[in-house]
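# Structural description and commentary
Okay, here's what each chain looks like letter by letter:
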Number of protein chains: 2
Amino acid sequence: MTTARQLHLGAFMRPVSIHTGAWRYPGAYPDANFNFGHLKRFAQKLEAGKFDAFFMADHLAVLNMPVEALKRSHTVTSFEPFTLLSALAGATERIGLVATASTTFDAPYHIARRFASLDHISGGRAGWNIVTTSNPDAALNFGLDAEVDHGERYDRAREFYDVVTGLWDSFADDAFIRDRESGLYFDPDKMRRLDHKGEHLSVRGPLNIARPPQGWPVIVQAGASEPGRQLAAETAEVVFAAHGTLAAGQAFYADVKGRMEQAGRNPDHLKILPGVLTVVGDSVEEAREKRALLDSFVHYDSAIASLSIALGHDATGFDPDGPLPEIPETNHSKSGRERTIALARRENLTVRQLAQRLGGYGGLAFVGTPKTIADEMEQWLTERGSDGFNVMFPYLPEGLNDFVDKVVPELQRRGLFRREYQGPTLRDHLGLPRPANRHFA
Amino acid sequence: MTTARQLHLGAFMRPVSIHTGAWRYPGAYPDANFNFGHLKRFAQKLEAGKFDAFFMADHLAVLNMPVEALKRSHTVTSFEPFTLLSALAGATERIGLVATASTTFDAPYHIARRFASLDHISGGRAGWNIVTTSNPDAALNFGLDAEVDHGERYDRAREFYDVVTGLWDSFADDAFIRDRESGLYFDPDKMRRLDHKGEHLSVRGPLNIARPPQGWPVIVQAGASEPGRQLAAETAEVVFAAHGTLAAGQAFYADVKGRMEQAGRNPDHLKILPGVLTVVGDSVEEAREKRALLDSFVHYDSAIASLSIALGHDATGFDPDGPLPEIPETNHSKSGRERTIALARRENLTVRQLAQRLGGYGGLAFVGTPKTIADEMEQWLTERGSDGFNVMFPYLPEGLNDFVDKVVPELQRRGLFRREYQGPTLRDHLGLPRPANRHFA
């Protein structure tokens, strides 16, 4: 048994793929976002690959993009996370199940109940991805005229977290006696009302479900802003990060783990897992060709809009099949502009190829052989850029199968990833402690 | 193929059993409300018995009863309906899945999404039991100081129904083209925003999930009040009724079906299914003994409180082991008092037995052999007291197995109940039409 750090791997499933061209890829299932059978087989395959968790993103509106882009995107329809993950709980045995739920547009009593229920049903495999929902279209679906202010959303999120975790602690772990002889079902001294009255929330409790098997389902967050990092350092156990380079990842990693120490928490009790798109080939060249083919399915209109945003410059007049012309300096973010220009030059991309790259997925990507991908993952782990990754698959099922069948064994050979699950719960997979009950020692 | 009316049977599952003594019954699972494996086997058994639906009640608080009664009740903890039914969707193939959700303490966008998602995941087996939640303890868990007024709850429920069904119609059934060649995922002319601005709700839409396989999940209601009956007549497709006698059932049946005709609806498009506790024995005597044993597990303190309420008279001073004494008239409901006295005389019950009967389950019960239970069900069906039943099992698993293994075959022999499911959806089981899309003909 090794004591070296190992990677933690979540599978980030956003309706079908993060990549809007994914449904057109040869062999892809264009209806995976309608078809529970497909998603069940994906989850079972990820479990065979010993993934820590199946991670379901969420949006509380049709994604706000121009209809010309929207009509080409499979992201317009998606299963709701709780119904999907609960159904997957019945179809899997060990993999963690992380659902996204909003602190801005839901009630803490509902959220506490559902995650507790998912944790009971799955035998301790639930995780809650706390989001505050910045999408203004979501506000319009929930009776508000405009987006809730950022600072207020984070204030409420912090209080919401306190209420939900407090509700999970409504019963002591040993409250339920079920003594047939005396007729006592539970010990009322081991049930506690919350009686919370705060700035944003008023919740009496107790919750009407026993304490979750994990004590609390695992707390996941993705906020990168100043209040987002602070909330993560105080409360999160997994952070979904998004950094395009190792250097940026290292800076974030050091910052959040440092904030944890200041908040009196053990930095090992939070796993930082950046999202990464993985494209696997038998050669690096083949992997790049696969990605180029995938990017070619992004419609030019939406692609060029992404390029204009990245450059801070209207790119619609450029020759699609020529090289990227010189771009004058603007007061737009210099780093984004320079990164985009450098990408075009490095990979010798035409304007169309560059635009489709950004319109497909512009974030961190490992594109290569199982060996080169394992090399990159190993470097991020050992050089403290992350504790693992939230892996995104470029197309389904092939991209997922490639990762599980080819990359995972390479990581296992190197001792960087588990060969078997060590325990039944998501906390076991992530090496996280079980929280004490705040009311009952 | 017969064209005669047949019974529709739902299984009403309230945490474990409606009966608070159920967990103490010999052979019962005292932990069924914690144990997904048990509930999975119950659902699979009900499906083998060709039940129309598995019906999950709900409460948004720990049930408000005195702690002396609460601590003896398994109802204190329960799975949340959506997580449970979604998990059961993955473990069953045909049985309908009816979840309770509140129009007072939830948002229509959430409710519309979850039921649409459950309907997609289950292949068209979802039903929504609309409740307005009168429990004042629930209000305290959702930031309110007091219960919402009855009339306002029903006003909001009616508007909530319009919004949810409107959101389900966000996309035409044939909106999703998924044409790989052109890259068109859906036809934007077949997506519609709701743009609802009403008295209680403001919801823009569209919903971010395709139209449910059933068009709309089946609408279920239980309201017996004047506004409850009217809401049912206008909107419901199944009504969960609660009447202690055939005569009362017939009056309700005629009233609601008459209101439907006045509202321009076909009375066949709503199925009235009263709740009934069933206790099966090899002889009527044995069934009665089983029930007496079950009732004996109700604690005397909670039992006597139920008796006092039924009589409108404090019963705590009565001799528990004597017969019911003469009760002076009060201004309390005369019919409830007389019914209770008549029950005691008819079955020659002691005060203790009478109290435990009411404290266990005081509503409609069929206690007898498979033949006598089938006789009663047949009479209710043919004499228009109901279109079937929501069956409640006195203890689990035995009470459920008895019904499926013994009563169902007797009903099938008489041609009163299906031998096989005729279609895949809950609407097929119930003989209900698929609603037209209100935006797209």
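Residues numbered from 1 in each chain as written. Chains lettered and ligands numbered in written order. Predicted model: local features only at pLDDT ≥ 70, side-chain atom pairs only at ≥ 80, totals over all residues. Heavy atoms only, no water.

Selection criterion: UniProt positions are given in the numbering used here, feature names are shortened, and annotations may be inferred rather than shown by experiment.
Chain A carries the name Luciferase-like monooxygenase in an unreviewed UniProt entry, which gives Bosea lupini as its organism. UniProt, in its Sequence similarities (unreviewed entry) section for chain A, records the words "Belongs to the NtaA/SnaA/DszA monooxygenase family."

### As for the overall build of chain A
Note the following rule: Going along the chain from the N terminus, every DSSP run of H or I of four or more residues is numbered as a helix, and every run of E of two or more is numbered as a strand. Using C-alpha atoms as the atom set, the radius of gyration is obtained and then compared with a globule rule of 2.2 Å times the number of residues to the power 0.38. Note on classification: 1.4 Å probe, protein chains only; a residue is buried when its accessible area is under 20% of the maximum for its type, exposed when over 50%, partly exposed between these limits. Here, two residues are considered to be in contact whenever any of their heavy atoms come within 4.5 Å of each other. Note that accessible areas follow from Shrake-Rupley with a 1.4 Å probe, and for residues the cover is restricted to the protein chains shown.
Helix and strand content of chain A: 15 helices and 13 strands. At 23 Å, chain A has a C-alpha radius of gyration in line with the 22 Å of a compact globule built from 441 residues. If you line up chain A on its principal axes, its C-alpha atoms span 80 × 55 × 45 Å. Here chain A, with 441 residues, has 62% of them falling under the buried criterion. Within chain A, contacts between residues separated by at least 24 positions form 77% of all contacts whose residues are at least 6 apart in sequence. Total accessible area on chain A is roughly 16100 Å²; 49% of this is exposed by carbon and sulfur atoms.

### Quick notes on the domain arrangement of chain A
Residue and element names in this part refer to chain A. Inclusion rule: Each domain's extent was defined by an automatic or database domain assignment. Throughout, the accessible surface (probe 1.4 Å) given up by two parts as they are put together, summed over both, is called the buried area. Salt-bridge detection follows one rule: a side-chain nitrogen of Lys or Arg within 4 Å of a carboxyl oxygen of Asp or Glu.
If you check the domain split of chain A, you get domain 1 (8–136 + 216–281 + 369–430) and domain 2 (287–359). Placing the centre of domain 1 and that of domain 2 at their C-alpha centroids yields a distance of 27 Å. Across the boundary between the two partners, domain 1 contributes 17 residues, which contact eleven residues of domain 2. Here domain 1 and domain 2 share an interface that buries about 1300 Å² over both sides, 66% of which is from carbon and sulfur atoms. On the domain 1 side of the interface with domain 2, the three residues burying the most area are His19, Arg24 and Tyr25, jointly 36% of the side's total. The interface formed by domain 1 and domain 2 holds two salt bridges in total. The closest approach of N and O atoms between lysine 290 and glutamate 398, which form a salt bridge, is 3.3 Å.

### Notes on unusual backbone geometry
Across the junction of glycine 205 of chain A and proline 206 of chain A, the peptide omega takes the value -5°, indicating a cis bond. Along the polypeptide, proline 206 of chain A turns up in the loop between strand S8 (202–203) and strand S9 (218–221). The phi torsion at asparagine 348 of chain B lies on the positive side, around 55°, for a residue other than glycine. Turning to its location among the elements, asparagine 348 of chain B is positioned in the loop between helix H11 (334–347) and helix H12 (351–360).

### Some points on the interface of chain A and chain B
Put simply, the test is: Within 3.5 Å is the distance limit for a polar contact, defined as a pair of N or O atoms, with the added protein rule that one can donate a hydrogen and the other accept it, and that residues adjacent in sequence qualify only through two side-chain atoms.
Residue-level contacts link 75 residues of chain A with 75 residues of chain B. Roughly 6300 Å² is buried in total at the junction of chain A and chain B, and carbon and sulfur atoms are behind 58% of that figure. When residues of chain A are sorted by the area they lose upon contact with chain B, Arg113, Arg180 and Tyr185 of chain A head the list and together hold 12% of the total. At the junction of chain A with chain B, the criterion picks out eight salt bridges. Its salt-bridge partner being glutamate 80 of chain A, residue arginine 114 of chain B comes within 3.4 Å of it at the nearest N-O pair. The interface formed by chain A and chain B includes 49 residue pairs in polar contact (both at pLDDT 80 or more). Considering every element that reaches the side of chain A that touches chain B, the biggest residue donor is helix H4 (residues 108–122) of chain A, with eight residues.

### Re the relation of the copies chain A and chain B
Put simply, the rule is: To superpose the copies, least squares is applied to the C-alpha atoms of every residue with a pLDDT of at least 70 in both.
Relative to chain B, chain A is turned by 180° and slid 0.0 Å along the rotation axis, the superposed coordinates differing by an RMSD of 0.1 Å. Look at the turn and shift together and you get a two-fold axis relating the two. Taking C-alpha positions as reference, the residue of chain A nearest the rotation axis is alanine 87 of chain A, located at 2.0 Å. Counting the interface residues of chain A, we find that 100% of their copies in chain B are interface residues as well, pointing to one common contact surface.

### Observations concerning the packing of aromatic side chains
Let me state the cut-off plainly: Classification of ring pairs rests on two measures: the distance between centres of Phe, Tyr or Trp rings, Trp counted by its six-membered ring, which must be within 6.5 Å, and the angle between planes, read as stacked under 30 degrees, edge-to-face over 60 and tilted in between. Our definition puts a charge over a ring when NZ of Lys or CZ of Arg is within 6 Å of the ring centre and also within 35 degrees of the ring normal.
Per the counting criterion, the structure on display carries 50 aromatic pairs over all chains. A centroid spacing of 4.7 Å and a plane angle of 65° characterise the contact between phenylalanine 82 of chain B and phenylalanine 115 of chain B, whose relative ring orientation is edge-to-face. On the criterion of sequence distance, the pair formed by phenylalanine 82 of chain B in helix H3 (residues 81–89) and phenylalanine 115 of chain B in helix H4 (residues 108–122) is long-range, its members being 33 residues apart. Like phenylalanine 115 of chain B, phenylalanine 82 of chain B is buried. Taking the ring centre of phenylalanine 82 of chain A as reference, the NZ or CZ of arginine 114 of chain A above it sits at 5.9 Å.

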